[in-house]
Amino acid sequence: MIETFYDVLRRQGITRRSFLKFCSLTATSLGLGAAAAPRIAHALESKPRTPVVWLHGLECTCCTESFIRSAHPLTKDVILSMLSLDYDDTLMAAAGHQAEAILKEVKEKYKGQYILAVEGNPPLNEDGMYCFQGGRPFVEKLKEMAADCKAIIAWGSCASWGCVQAAKPNPTRATPVHKVITDKPVIKVPGCPPIPEVMTAVVTYMLSFERMPTLDRMGRPAMFYGQRIHDKCYRRPHFDAGQFAETWDDEGARKGYCLYKMGCKGPTTYNACSTVRWNEGVSFPIQSGHGCIGCSEDGFWDKGSFYSRVTDIKQFGIEANADKVGATAAAVVGAGIAAHAAVTALARARNKTGIDVKQGEQ
Amino acid sequence: MLAEQDAFEAERNARMVKAVYVYEAPLRLWHWVNALAITVLAITGYFIGKPLPSLSGDPSEQYLMGWIRFLHFAAAYVFAIGFIGRIYWAIVGNHHARQIFLLPILNRHWWSEVFYELKWYLFMVKEPKKYVGHNPLAQLMMFLFFTVGAVYMIITGFALYGEGLGVGSWADQMFGWAIAVLGGNSMQMHSMHRLGMWVTLCFVLVHVYAAIREDIMSRQSLISTMISGWRMFKD
Ligand code: HEM
Ligand code: HEM
Ligand code: SF4
Ligand code: SF4
């Protein structure tokens, strides 16, 4: 008999009531409406379980930390039961050779069916020696497991973009997953870490519907990364009114004015923080008085100050922002024009006399 | 289009009218509307990145940043639609209207005229040449800094605009790719768009200076030409 998700959950001691609650919760968090709940339940009851293998490369485990704090305890229990069964360095019970054997087993038994969730990324310098697991470079393990998977979920900004370990000059050449594995679909769930509810919803969606969520241009699930923090920020009326905190402790900061001038990256960051929020919906950075640092955007670690909107651009080999480069160029042009005008005036004065002589000759 | 030809045209026509009709009305109108739009864009754009001092009071009674952005977007539409209109005029207008879009880069003689003008600006020759349309150096600069620059500002600007309209909006579909080309983080796009403002400013500085200087120095009218359409030759 093939095992379904439901079988597994029951075996883990989860009641049917809890299971159904979980299904409706997931349906709402995916924005699918009440009608989708029975569909999710049906899928989980009847379809054979899709195994998930969770690998860890160069990372800080903040994605896992976030994941296991998913708002509803139920969600956490259910999802963890679904996942930890197979392979996850942090959560599984197995260790050593036993653990590595599981990888092999999944790869053979579920060829082309399992989902590969990757937290962190492989460093490529020195043949990948900067991240070594089970006696071999992580990049080898990643490539091997990716070869037979159905799809890859790239957890967090590490797997999606490279994150801080890829900051210039990137000594280990930490490389995001989609640049190493090019022949499999990669679903990016960026953030440092990503929001737990977003993570669980993405997994559940893929497991129960057996298809990829709709992705945006950058390969992120559109349902959670389709809007900017700025689009749904509760401080937005202050932005439009031109009311900004100018320093961290001024009147504006106390009144909860917009943090744009303090460098908030909300206007350029696609994530769900301003809607889903963090820690069971308690708050999110802007609500706590600090601007968004754009942690789910590519290169946020290398794009200059977190505390300025006009940030440094490195294309010029020096640390300078558009205003510094531009104002310098404009000043040079202005000085050039002034000098040119002066020389022109002189030359004209001299020429005038020349013309007079010529005319005198005629 | 070249100096000799222009001089010939000037001479032939000048005998009768001492002036040549160069810039047709739509082009002149466009020039000044465009100049105004760019001025508004640069000022409002500057304050989008570095907003004015904070206001106090009830936010529902103010809309300062909103108005600044609205002005920017309104001027942006004027600028972009005007540019499309200008392209149309390049097709149906006289041959001077095509100059800022098409450079005769294969014409050696044209290049020598560019260098002649360069020498004139570097005080290496005493007499400027006369041109009915743009002088070749001006033509080159206008192409590089204005025509290319305008396309650049329109693409980067509407890519940012598409972010506000939302994923899937027309602006996102038509121009959103530009953000992906720059790596996907639109902070980069903001910086590049802002840099474009400074490049535009540098062009305007040189352009206005050159227009005034040549008006005085080159024995032919310039500024009044962009108003009336007629190029006067002063000797
Ligand atoms: C010569 C033409 C233009 C100039 C000089 C200009 C200048 C600027 C500047 C300096 C900024 C601020 C960038 C920053 O620091 O974040 C800006 C922002 C922007 N511009 Fe332009 N711009 C021009 C044309 C356009 C066009 C054609 C559009 C198309 C709609 C456009 C749309 C925008 C948008 C959407 C923003 C971002 C607004 C925001 O973040 O709230 N711009 N522009
Ligand atoms: C934002 C400011 C401005 C921009 C972007 C701009 C741009 C341009 C462009 C693109 C042309 C070529 C016209 C064509 O062939 O279609 C031109 C021509 C011209 N502009 Fe401007 N302009 C600006 C401001 C000014 C100002 C303030 C003046 C007057 C002092 C001026 C004087 C002229 C003149 C005299 C010409 C004709 C040059 C010639 O006959 O070769 N412009 N301008
Ligand atoms: S605090 Fe940030 S995200 Fe919120 S309105 Fe201001 S700039 Fe936008
Ligand atoms: S508010 Fe911005 S920096 Fe903070 S977690 Fe969300 S995306 Fe990351």
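Rules used in this analysis
Sequence order sets the numbering: in each chain, residues are counted from 1 along the sequence as written. Each chain is given a letter, starting from A, and each ligand a number, starting from 1, according to the order in which they appear as written. Under the rules for a predicted model, residues below a pLDDT of 70 receive no local features and side-chain atom pairs below 80 are neither given nor counted, while totals for whole chains, interfaces and linings still include all residues. Computation of side-chain values: all heavy atoms of the structure, hydrogens and water removed. UniProt positions are given in the numbering used here, feature names are shortened, and annotations may be inferred rather than shown by experiment. Here, residues are in contact when the closest pair of their heavy atoms is within 4.5 Å. Put simply, buried area is the surface a 1.4 Å probe can reach on two separate parts but cannot reach once they are joined, added for both. Every case where a carboxyl oxygen of Asp or Glu lies within 4 Å of a side-chain nitrogen of Lys or Arg is listed as a salt bridge. Between N or O atoms, a polar contact is any pair within 3.5 Å; within protein, one atom must be a potential hydrogen donor and the other a potential acceptor, and residues adjacent in sequence are included only when both atoms are from side chains. Numbering of helices and strands runs from the N terminus; a helix is a DSSP stretch of H or I covering at least four residues, while a strand is a stretch of E covering at least two. Here the term charged refers only to Asp, Glu, Lys and Arg, the term nonpolar to Ala, Val, Leu, Ile, Met, Phe, Trp, Tyr, Cys and Pro, and the term polar to all other amino acids, Gly among them. Residue burial is assigned from relative accessible area. The probe radius is 1.4 Å, only protein chains are included, and a residue is buried under 20% of its type maximum, exposed over 50%, and partly exposed in between. The directions considered for the arc run from the helix axis to the C-beta atoms. Angles run from 0 to 180 degrees between N-to-C directions of axes, and those axes are lines fitted to C-alpha atoms, restricted for helices to the stretch in contact. Note on angle classes: values under 35 degrees are labelled roughly parallel, values over 145 roughly antiparallel, values of 65 to 115 roughly perpendicular, and the remainder oblique. Crossings are assigned a handedness: left-handed for a near helix turned anticlockwise from the far helix by less than a right angle, right-handed for a clockwise turn. Only residues whose relative accessible area exceeds 30% and that form no salt bridge are eligible for patches; like-charged ones are grouped when within 9 Å, while nonpolar side chains (Val, Leu, Ile, Met, Phe, Trp, Tyr) are grouped when within 5 Å. Per-residue and other accessible areas follow the Shrake-Rupley method at a 1.4 Å probe size, with only the shown protein chains counted as cover for residues. Aromatic pairing here means that ring centres of Phe, Tyr or Trp (its six-membered ring) are within 6.5 Å. Orientation follows from the plane angle: under 30 degrees is stacked, over 60 is edge-to-face, and everything else is tilted. Cation placement over rings: the criterion is NZ of Lys or CZ of Arg within 6 Å of the ring centroid and within 35° of the ring normal. When at least one non-hydrogen atom of a residue lies within 4 Å of a molecule or strand, that residue is treated as near it.

- Chain B carries the name Ni/Fe-hydrogenase, b-type cytochrome subunit in an unreviewed UniProt entry, which gives Pseudothauera lacus as its organism.
- Database annotation for chain B, UniProt heading Sequence similarities (unreviewed entry): "Belongs to the HupC/HyaC/HydC family."
- Among the UniProt annotations of chain B, the heading Subcellular location (unreviewed entry) holds the following wording: "Cell membrane".

- Per an unreviewed UniProt entry, chain A goes by the name hydrogenase (acceptor) and belongs to Pseudothauera lacus.
- Its UniProt record gives chain A a comment under Subcellular location (unreviewed entry), which states: "Cell membrane".

### Thoughts on the interface of chain A and chain B
By a widely used convention, the size of an interface equals the accessible area lost when the partners come together.
Part 1 of the argument: Contacts between the two partners involve 50 residues from chain A, matched on the other side by 49 residues from chain B.
Part 2 of the argument: In this assembly, chain A packs against chain B so that about 4,100 Å² is buried in total across both faces, 59% of it on carbon and sulfur atoms.
Part 3 of the argument: Counting across the interface, chain A meets chain B through three salt bridges.
Part 4 of the argument: With its nearest N and O atoms 2.9 Å apart, the salt bridge here joins K50(B) to D323(A).
Part 5 of the argument: Here chain A is connected to chain B by 21 residue pairs in polar contact (both at pLDDT 80 or more).
Part 6 of the argument: When residues of the side of chain A that touches chain B are traced back to their parent elements, those giving at least two are α12 (236-241) and α15 (322-361) of chain A.
Part 7 of the argument: Residues of the side of chain A that touches chain B, tallied by class, amount to 23 nonpolar, 13 polar and 14 charged.

### Concerning helix α7 (residues 138-147) of chain A
Part 1 of the argument: All of the buried residues along α7(A) are F138(A), V139(A), K141(A), L142(A), M145(A) and A146(A). One side of α7(A) holds all its buried residues, which, seen down the axis, span an arc of 160 degrees.

### A word on the environment of S70(A)
Part 1 of the argument: Mapped onto the fold, S70(A) is located in the loop between α4 (62-67) and α5 (73-83).
Part 2 of the argument: Owing to a relative accessible area of 2%, S70(A) belongs among the buried residues under this scheme.

### Notes on the packing of helix α2 (residues 16-29) of chain A against helix α3 (residues 36-46) of chain A
Residue and element names in this part refer to chain A.
Part 1 of the argument: One way to put it is that α2 packs onto α3 with a least axis distance of 8 Å and a crossing angle of 125 degrees. In terms of orientation, α2 lies oblique with respect to α3. Handedness of the α2/α3 crossing: right-handed. Two secondary-structure elements touch here, α2 through R16, F19, L20, F22, C23, S24, T26 and A27 and α3 through A36, A37, I40, A41, L44 and E45.
Part 2 of the argument: Here the residues of the contact of α2 with α3 sort into 10 nonpolar, two polar and two charged.

### Quick word on the UniProt feature "domain: Cytochrome b561 bacterial/Ni-hydrogenase" (unreviewed entry) in chain B
Part 1 of the argument: UniProt feature "domain: Cytochrome b561 bacterial/Ni-hydrogenase" (unreviewed entry): in the numbering of this structure it lies at residues 22-229 of chain B.
Part 2 of the argument: Secondary structure over residues 22-229 of chain B splits into 71% helix and 0% strand, and the C-alpha atoms at its two ends are 6 Å apart.

### Structural notes on the side chain of S274(A)
Residues and elements named next belong to chain A.
Part 1 of the argument: Within the secondary structure, S274 sits in helix α14 (residues 273-276).
Part 2 of the argument: A distance of 3.0 Å separates a polar side-chain atom of S274 from the backbone oxygen of I229.
Part 3 of the argument: In contact with S274, not counting residues within four places along its chain, are R228, I229, K232, C233 and F284.

### Some thoughts on the UniProt feature "domain: Cytochrome-c3 hydrogenase C-terminal" (unreviewed entry) in chain A
Part 1 of the argument: In the UniProt entry, the feature "domain: Cytochrome-c3 hydrogenase C-terminal" (unreviewed entry) is given for residues 225-306 of chain A.
Part 2 of the argument: With 20% helix and 0% strand, residues 225-306 of chain A has end C-alpha atoms that lie 21 Å from one another.

### Concerning a nonpolar patch on the surface
Residues and elements named next belong to chain B.
Part 1 of the argument: Together, W32, V204, V208, I212, I216, I223 and I227 make up a nonpolar patch on the protein surface, roughly 600 Å² of accessible area in all.
Part 2 of the argument: Elements represented by at least two residues in the nonpolar patch include exactly α8 (186-217) and α9 (223-228).
Part 3 of the argument: If one sorts the elements of the nonpolar patch by residue count, α8 sits on top with four residues.
Part 4 of the argument: Residue position: V204 is located in helix α8.

### Remarks on the packing of aromatic side chains
Residues and elements named next belong to chain B.
Part 1 of the argument: Following the criterion strictly, the structure yields 27 aromatic pairs over all chains and no others.
Part 2 of the argument: An angle of 75 degrees between the planes, with centres 5.6 Å apart, marks the rings of W30 and F146 as edge-to-face. One end of the pair, W30, is in helix α2 (residues 25-49); the other, F146, is in helix α5 (residues 136-165), with 116 residues separating them in the sequence. Taken as a pair, W30 and F146 share a single burial class, namely buried.
Part 3 of the argument: With a centroid separation of 5.7 Å and an interplanar angle of 50 degrees, the aromatic rings of F158 and W170 are classed as tilted. Of this pair, F158 sits in helix α5 while W170 sits in helix α6 (residues 170-175); the two residues are 12 residues apart in sequence, bridging distant segments of the chain.
Part 4 of the argument: Through a chain of ring-to-ring contacts, three or more aromatic side chains come together here, namely F73, Y77, F158, Y161, W170 and F175.
Part 5 of the argument: Taking the ring centre of W30 as reference, the NZ or CZ of R86 above it sits at 5.3 Å.
Part 6 of the argument: It is R213 that lies over the ring of W120; its NZ or CZ is 5.2 Å from the centre.

### Some points on the site of ligand 4
Part 1 of the argument: In the vicinity of ligand 4, the contacting residues are T269(A), N271(A), C273(A), W278(A), P285(A), C292(A), I293(A), G294(A), C295(A) and S296(A).
Part 2 of the argument: For the shell around ligand 4, the class distribution of residues is six nonpolar, four polar and no charged.

### A word on the UniProt feature "binding site: [3Fe-4S] cluster" (unreviewed entry) in chain A
All names here are of chain A.
Part 1 of the argument: Mapped onto this numbering, the UniProt entry gives "binding site: [3Fe-4S] cluster" (unreviewed entry) at C273, C292 and C295. On the basis of their most widely separated C-alpha atoms, the annotated residues across 23 residues gather in one place, lying no more than 10.8 Å apart.
Part 2 of the argument: Apart from the residues within four sequence positions on either side, C273 is in contact with I195, I229, W278 and F284.
Part 3 of the argument: C295 gets classed as buried once you look at its relative accessible area, which sits at 17%.
Part 4 of the argument: For C295, the residues in contact, after removing those within four places along its chain, are S157, G191, C192 and F300.

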